[in-house]
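Spelled out from the first residue to the last, the chains are:
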Amino acid sequence: MDHSYAQVILPLPFDRTFTYRIPEAMADEVVVGSRVLVPFGPSRYYTAIVESVCPHAPEGSFNIKDIACAIDRTPIVRHPQLKFWHWMAKYYLSPVGDVFKAALPSGLKVESETVIELNPDIEAESLTGLSPDEDKVVSVLCSLKRVSAKDIATCASVDRAEAVVDRLIASGVLVVSEKVVERFRRKRISYVSIADPARSTEDLFAMVKGAKKQETALLAILSMNRNHNAEVPLDALIERSGVTRAIISAMEKKGIIKITAREISRFSCDETLPGKLPALSEAQSAALGQIHHSLVDHQTVLLHGVTSSGKTEIYIHLIDYVLRQGNQALFLVPEIALTTQLTRRLQRVFGDNVVIYHSKFSDRERVEIWQRLLHSNRPCVVIGARSSVFLPFARLGIVIVDEEHESSYKQFDPAPRYNGRDAAIMLAAMHGAKVVLGSATPSVETYYKATTGKYGLVSLTTRFDDVPLPDIEIVDMSAERRKGRVIGSFAQTTVETAARSLADGKQAIFFHNRRGYAPMARCKACAFVPKCDHCDVSLTYHRNPESLVCHYCGAVYPVMRVCPQCGEPAIEIVGYGTERVEDEVASMFPDSRIMRMDLDTTRNKESYSKIISDFSSHKADILVGTQMVTKGLDFADVDVVGVINADTLIHYPDFRSTERAFNMLEQVAGRAGRRDTKGKVMIQTYEPDHPVINFVRTHDYLSYYNHELEERKAFNYPPFARVINIYIKHRDAARLSAFAENYATRLRTLFGNRVNGPKEPQVSRVQSLYIRSIMLKIENAASTARVKQILRDLYVEMQSSPATKGFNIYYDVDPA
């Protein structure tokens, strides 16, 4: 019998496809881009994506297994997406399986789950003589019948549950099996309606006579709905009437009502009809015309506009142009927080043609958006963070990357370690779409490409309505401290400036890029600093709830009162985080309402929007926050911005540290005075004469750029070279050092003095793994494809050696 064969991609860290036989019954169901369920390994099942179908098995194939199930009859992934996945895997030196895992929402991945249950053939005598922990596991399974392997420890409340289960399996008491699990469920809502609309009200009440609760429910249905033909939501009916679901079911059995379940969208939009485009100023109109003209000759254009120059209004006009052509638009933002304000502004213009997509959505919400784009060619604009580049666009016309300089576009862990901005440019090229990058402080590499002709360049040099840029005052903290004018982390000058603004009914933002209450605890007697057991970092003190937290692995420790090293009760809290700054602000401005915006206060998608909405509507006077408050947010009444400690931004051992510092300071300064008054920015620093501080003081991006470009050229950093970092991790520091030296030696035989390291990074151990890094700098003239092929071959060679067991090696291309 002739069979067809499918090459599939698995969501596992393999840089290859696998061959599976297509059973005859599925011959018409397995198509390129569809999902199939396949066995892999001794007993697991995974969702795979079909990359190709061929009539013969590839040469060298052996032990070919059958596809277990065809999940889809139509593609779930479009052809351009598969092409994009392979480009990303090749460019960022990441297995294509890791790209697949990152790209497809978890809700679309059907996988098998290991479950444990009692052996049905076990004799009662075999259950005697069990240890207490074994007895607990058996008791749980007698009650629950089947429990997933990952949940058994919690259900049975035993330590080292894996070892206990292994013993019980070996003795024949337990058996394991694989259960296929599909995570996505469509949202359904039940509606209630009168079963026979022709039936009179008198007849209906006759049918519930003597049943008071049914009578109450019937009254509620009729009062909620005067028309017998219409439906009311079941949940709303139960809440209105106060009866239980059982009462409603009894009425259904009597034939009084009928209950209908319908699939609904998880998303709703207050604005369903398109509105008017925002009016543009003369400068904005000129910039829009220049962008259209530049896009004729360039695929990518940089819009360099000062803060509050009205870039968003220009983006809206560009999106409208694309949507009117029947195409789709992708609007990328670096932070989820930015989607809140942008969504409202775009929905006022484009109604329900606005789609939001980011990682704070649940799996089911992301699947619904994926399927909407997959099955509809309706023009729309997608607003989202970097993961939006993986969506199944059908007719992508333009990609807009706002705040393109932001390092948040770079994915760090897990793989693929891609840059959302650069990936979006490639995605657009594959679709024949155009790209507009926007920023008040473009990255050095982007501005270099714009000034050397690779990208088009359009500038907006004035704020909207000619509102002046804010005045920036540099507060010399050394001088303030000598004068005794420092209270906690605040200079008296900063406090007085903010107080005057608040007295005028304005708002203030205080920026400090450290979350928690204090960066560390320390013993006053012996200088002992508590560190994480698993990472080479000090623990951050959090006051709500009171604990010491590792910001790298998330481990939580109780706050110690007595020093474990010297035995003295001398533990003190050192430094400032946003929690402590918030407390200080509350004590200095007791009559002001204060909010905080950092990772700890924005754990879910609703918290972002609530904080931004409340502060925008002046429900708070002061906002304290980390870098989240620096990125493109638009608050009309903010008059003063205070930077608590600019020095922590500048002094970081990385070639991009000054770029990040300038960008962040200029961006946070841009939150002040965005409407009718000139804002004020107070930057507190112990180095008032640092070049970055002086460039920010005068809002002089071009001088900063030229200064930074000379530094990069002198030391051969981007844009004059490409950087690839190689990271190696292992639990044994000595073995790691020896292996990293060996790896670097092999690299030097291939690349010579382009190799730097290995070295210990600033944080040299995370999650019990020691880390070494090697930097490879490749001149722009070299063949990037050839370099990456050599690196890929070396990786395979090193990983194939038995000596590399236990080592984790990965590449970070174009580190941010």
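Notes on the structure follow. (Residues numbered from 1 in each chain as written. Predicted model: local features only at pLDDT ≥ 70, side-chain atom pairs only at ≥ 80, totals over all residues. Heavy atoms only, no water.)

Concerning the overall build of the protein
Part 1 of the argument: Scanning the protein from terminus to terminus reveals 25 helices and 37 strands.
Part 2 of the argument: The C-alpha radius of gyration computed for the protein amounts to 31 Å, which stays within 12% of the reference 28 Å derived for 816 residues, consistent with globular compactness.
Part 3 of the argument: Each of the three principal axes of the protein carries a C-alpha extent, and together these read 80 × 75 × 70 Å.
Part 4 of the argument: The long-range share in the protein, meaning contacts at least 24 apart out of those at least 6 apart in sequence, stands at 74%.
Part 5 of the argument: Carbon and sulfur atoms form 49% of the exposed surface of the protein, whose accessible area is close to 36900 Å².
Part 6 of the argument: Where the 101 positive side-chain charges of the protein centre and where its 97 negative ones centre are 1 Å apart. (Helix = DSSP H or I, 4+ residues; strand = E, 2+ residues; numbered from the N terminus. Rg over C-alpha atoms; globule rule 2.2 N^0.38 Å. Contact = heavy atoms within 4.5 Å. Areas by Shrake-Rupley, 256 points an atom, 1.4 Å probe, with all protein chains shown as cover. Lys, Arg positive; Asp, Glu negative; His and termini not counted. Charge placed at Lys NZ, Arg CZ, Asp CG, Glu CD.)

Looking at the nonpolar core
Part 1 of the argument: Counting residues in each nonpolar core, the largest one holds 147 residues, and the members touching the most others are W85, F331, L346, I728 and Y743.
Part 2 of the argument: Look past the residues within four positions of L346 in its chain and what remains in contact with it is I316, I319, F331, G351, V354, V381 and I383.
Part 3 of the argument: Core analysis: the next-biggest nonpolar cluster, separate from the first, contains 19 residues, V192, L218, L222 and V243 among them. (Core = buried A, V, L, I, M, F, W, Y, C linked by side-chain atoms within 4.5 Å. Buried < 20%, exposed > 50% of the residue type's maximum accessible area, 1.4 Å probe, protein only.)

Description of the side chain of T17
Part 1 of the argument: Mapped onto the secondary structure, T17 falls in the loop between β1 (4-9) and β2 (18-22).
Part 2 of the argument: With a relative accessible area of 18%, T17 lands in the buried category.
Part 3 of the argument: Among the polar contacts made by the side chain of T17, one reaches the side chain of Q7 at a distance of 2.9 Å.
Part 4 of the argument: In contact with T17, not counting residues within four places along its chain, are Q7, V8, I9 and E51. (Polar contact = N/O pair within 3.5 Å; in protein donor to acceptor, adjacent residues only side chain to side chain.)

Some remarks on the packing of aromatic side chains
Part 1 of the argument: Inspection of every chain in the model, using the stated rule, returns 29 aromatic pairs.
Part 2 of the argument: Centroid distance Y701 to Y704: 6.0 Å. Interplanar angle 55 degrees. Geometry classified as tilted. With Y701 and Y704 both in helix α23 (residues 701-715) and three residues apart, this pair spans about one turn of that helix. Comparing Y701 with Y704, the two get one shared label, buried.
Part 3 of the argument: Here the aromatic cluster, defined as three or more aromatic residues joined through ring pairs, consists of F84, W87, Y91, Y92, F390 and Y418.
Part 4 of the argument: The ring of Y576 is capped by R580, whose NZ or CZ atom sits 4.7 Å from the centre of that ring.
Part 5 of the argument: Across from the ring centre of Y717, 4.0 Å away, lies the NZ or CZ of K777, which sits over that ring. (Phe/Tyr/Trp six-rings, centres within 6.5 Å; stacked < 30°, edge-to-face > 60°. Lys NZ or Arg CZ within 6 Å of the ring centre and 35° of its normal.)

Here's the deal with helix α17 (residues 492-503)
Part 1 of the argument: End to end, α17 covers 16 Å across 12 residues, agreeing with the expected 16 Å (1.5 Å per residue, within 8%).
Part 2 of the argument: Among the residues of α17, those classed as buried are T493, T494, V495, T497, A498, S501 and L502.
Part 3 of the argument: One or two steps after α17, the chain reaches G505, where phi turns positive at roughly 85 degrees. (Expected span 1.5 Å × (residues − 1).)

Notes on the environment of S171
Part 1 of the argument: Take S171: it is sitting in the loop between α5 (161-170) and β9 (174-181).
Part 2 of the argument: When the C-alpha atoms of S171 and L548 are compared, they prove to be 43 Å apart, with 377 residues separating the residues in sequence.

Observations regarding the environment of F412
Part 1 of the argument: Mapped onto the fold, F412 is located in the loop between β17 (396-402) and α14 (420-431).
Part 2 of the argument: Put simply, F412 and D812 are 400 residues apart on the chain and 8.2 Å apart in space, counted from C-alpha to C-alpha.
Part 3 of the argument: Discounting chain neighbours no more than four positions away, the residues touching F412 are S407, R417 and A816.

Here we look at the sheet that holds strand β5 (residues 65-66)
Part 1 of the argument: Spatial ordering of the open sheet is given by β5-β2-β1-β4-β3-β6, a layout of six strands whose pairing is mixed. One side of each edge strand has no neighbouring strand; the edge strands of this open sheet are β5 and β6 (69-70).
Part 2 of the argument: Where β2 meets β5, two bridges bridge the pair, whose relative direction is parallel. Paired with R21 across the two strands is D66, which belongs to β5. (Pairing = 2+ DSSP bridges.)

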